[in-house]
Amino acid sequence: MKKQLFPAQSTNSNYADEVAVCRIAGNLITPERWSQKEKFLDNFFIYQMAQFLCGIKDSDHGPGEPSQICLTERLLDFQSRVSSSQLHCRSGLPTLRKNCRSIGVCHVSKNWQQYIDIVRSMVKPALGCTEPIAAAYASSVLANMLEGLGELDCLELEISDNLYKNSMGVFVPGTGKIGVPIAAACGFIGGDSEAELNVLAQLTPDHVAKAQSLIDENKVSVKRATADQPIYCKAKAIVGQNQATVIISGNHSQIVHKELNGDVLISLNTEDASKPGASSLVNDANLSVQKIYEFAENVPYEEIEFILEARNLNIALSDEGMTNKYGLQVGRSMQANIESGLYGNSLSDKIVMLTSAASDARMGGATLPAMSNYGSGNQGIAATIPVCITADHVSASDEQLARALILSHLGAIYIKSYYPSLSAFCGNTATSAAAAMAIVYLMGGSKEQSYHAIMNVLSDTSGMVCDGAKATCAMKVGSSSSAAVKAVMVAMKGNAPQRQGIIGVDVEDAIKNVGQMVSCGMSSTNDVIIDIMSDGR
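So, here's what we can say about the structure.

## Remarks on the overall build of the chain
- Scanning the chain for helices and strands turns up 25 helices and ten strands.
- Classification of the 537 residues of the chain by burial places 54% in the buried group.
- Considering only contacts in the chain between residues 6 or more positions apart, those separated by 24 or more positions represent 73%.
- When the accessible surface of the chain is summed, it comes to about 22,900 Å², and 48% of that surface belongs to carbon and sulfur atoms.

## Some points on the packing of helix α8 (residues 130-145) against helix α10 (residues 180-190)
- For the pair α8 and α10, the least separation of the axes is 7 Å and the interaxial angle reads 30°. For α8 against α10, the interelement crossing comes out right-handed. Along the contact surface, α8 presents P132, A135, A136, S139, S140, L142 and A143, while α10 presents V180, A183, A184, G187 and F188.
- For the contact of α8 with α10, the class distribution of residues is nine nonpolar, three polar and no charged.

## Details of the pattern of salt bridges
- Tallied over the entire structure, the rule returns ten salt bridges.
- The partner of D398 in a salt bridge is R311, with the nearest N and O atoms 3.0 Å apart. Taken as a pair, D398 in helix α20 (residues 398-416) and R311 in helix α16 (residues 308-323) lie far apart in primary sequence, 87 residues in all.
- Given a relative accessible area of 24%, R311 falls into the partly exposed group.
- Residues E399 and R403 are paired through a salt bridge, measuring 2.8 Å at the closest nitrogen-oxygen approach. Here E399 and its partner R403 are both found in helix α20, four residues apart, which amounts to about one turn of the helix.
- Given a relative accessible area of 33%, E399 falls into the partly exposed group.
- Looking at R403, the relative accessible area reads 7%, which means it is buried.
- Linked by salt bridges that have partners in common, D467, K470 and K476 make up one network.

## Examining empty space enclosed by the protein
- Under the criterion given, the structure shown has one cavity of 30 Å³ or more.
- In this structure, the largest cavity encloses a volume near 400 Å³.
- Taken together, 32 residues form the lining of the largest cavity, with N166, S376, Q379, L422 and C466 sitting closest to its centre.
- Of all the elements in the fold, those that place two or more residues in the lining of the largest cavity are α8, α18 (347-363), α19 (377-393) and α23 (473-491).
- Considering every element that reaches the lining of the largest cavity, the biggest residue donor is α19, with three residues.

## A few points about the environment of S249
- With respect to the helices, strands and loops of the structure, S249 is situated in strand β7 (residues 242-249).
- Assessed through its relative accessible area of 6%, S249 is described here as buried.
- As a C-alpha pair, S249 and D228 span 21 residues in sequence and 9.5 Å in three-dimensional space.

## So, the pairing of strand β8 (residues 255-260)
- Summarising the sheet, β7 and β8 pair through five bridges and their orientation is antiparallel. Counterpart to V246 in the pairing with β8 is K258.
- The antiparallel pairing of β7 with β8 creates a hairpin that spans five residues between the two strands, and G250 there sits at a positive phi of about 95°.
- If you look at the hairpin formed by β8 and strand β9 (residues 263-267), you'll find two residues sitting between the two strands, and N261 has a positive phi there, around 50°.

Analysis parameters
Residues numbered from 1 in each chain as written. Predicted model: local features only at pLDDT ≥ 70, side-chain atom pairs only at ≥ 80, totals over all residues. Heavy atoms only, no water. Helix = DSSP H or I, 4+ residues; strand = E, 2+ residues; numbered from the N terminus. Buried < 20%, exposed > 50% of the residue type's maximum accessible area, 1.4 Å probe, protein only. Contact = heavy atoms within 4.5 Å. Areas by Shrake-Rupley, 256 points an atom, 1.4 Å probe, with all protein chains shown as cover. Axes fitted to C-alpha atoms, helices over the stretch in contact; angles between N-to-C directions. Left-handed = near helix turned anticlockwise from the far one by under 90°. Nonpolar A, V, L, I, M, F, W, Y, C, P; charged D, E, K, R; others polar. Salt bridge = Lys/Arg side-chain N within 4 Å of Asp/Glu carboxyl O. 1 Å grid on protein atoms, 1.4 Å probe; cavity = no way out; pocket = protein on both sides within 12 Å on 5 of 7 lines; lining within 4 Å. Points joined across faces, edges and corners; volume = space filled by probe spheres on them. Pairing = 2+ DSSP bridges.

Keep in mind that these numbers describe shape and distance, not what the molecule does.
Following this line, the structure appears as structure tokens:
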């Protein structure tokens, strides 16, 4: 039987004075009435709302022993605030929560707020592959600094090997061209520095033509730099007697140094500049897979509703890849073979096809943003589209989808926090592992089965290397998404490897082992890949 959200008012006269405020507060009762709550109101709902409104946790007390001081003070505070705010209990729980927040009564716990902050900081819209876009962003900042001082004499960039590797074969949106030089030149000519990773969103054909002229006149140069950080871009522009320098390091839009004509405007110290972004955020939040799962299950929906924008952006990118010709046309090729019987039309097939199509468009220079994850558009795609397609298949509500997307995106961030942001390891493996956890959730699987799904993916595609951003990334996105579906099927039967290869005794062990493999074992692999790519060009 479905629980009644706002049960009828008790006729007990001793209770009558309190009931109005108690009902408005989500049926929260005073400490004195707590032990008698079964007589008046729905036990479970009261307990849930007490936790929600007062920040009381199971670990702090037994069901009949809330914090007397906390509960009394907050209820009295709520009572005084509600008298002047016209809150109405019959508007429903979502409205009640929003109204409570508006008068400062209701908030999520500190840890949960950290989780929300991590997602907001690491799941962002990004137009174009984020490595060349980092160069475009740095150049746009230079243009802003030198605005009105004259024509550009030269634009010089020094970039880390990993940024170089991921910029060599990918199209820059709106240009039809590949590489850092055109990205940087377009950023300087037509970039919007305020838009950060969407820096080229307003690019026009005239901007592209002027940018190409700078390259043709040998005013733009790019070279590899020796850098400690995987993401490093130093950009310098000279206009007449004026010179400006910008350094991005740590993540794709983090400016650690900014200088104009010898005057230092921004300079982060070595420790701040070398912080690995998400890794430091995750460490501060003391995350784990279990905590992520419990957060995604229980956080108020309106606190995470924003994540649904990932669906809107990445599904639009998939539609673009299925409609128009980009790259290898992986998604379109699959669709063309459905009628011949070479490819199917099952849920699994749709996930691989539509996820690949989004990457086709992304790598092929489509002028649509992706909702990125940990600085990667492809990984944002892999964290989003398989989950959205599954949600549609099971007729999940927006709230269920939002919770699943939090599992996928925050889970991916957590797994990837154990190794460098750019490396020889294809991050889609980690992202698809988190997506598999989310798919199990949508399919009605248990928490343990979700953990098993992560382990299954990591046991499958952890050998997939990253050899730069390019059209073939759509193949890898498809492969990792296929592995996610396979992992879900195995996990839903209660199966997962233990103590096999790099997979340890449990999911946390498996994640840490992958991190160790990438961090300690793949640095030389990355060097060899970059050398091969450089020789081949």
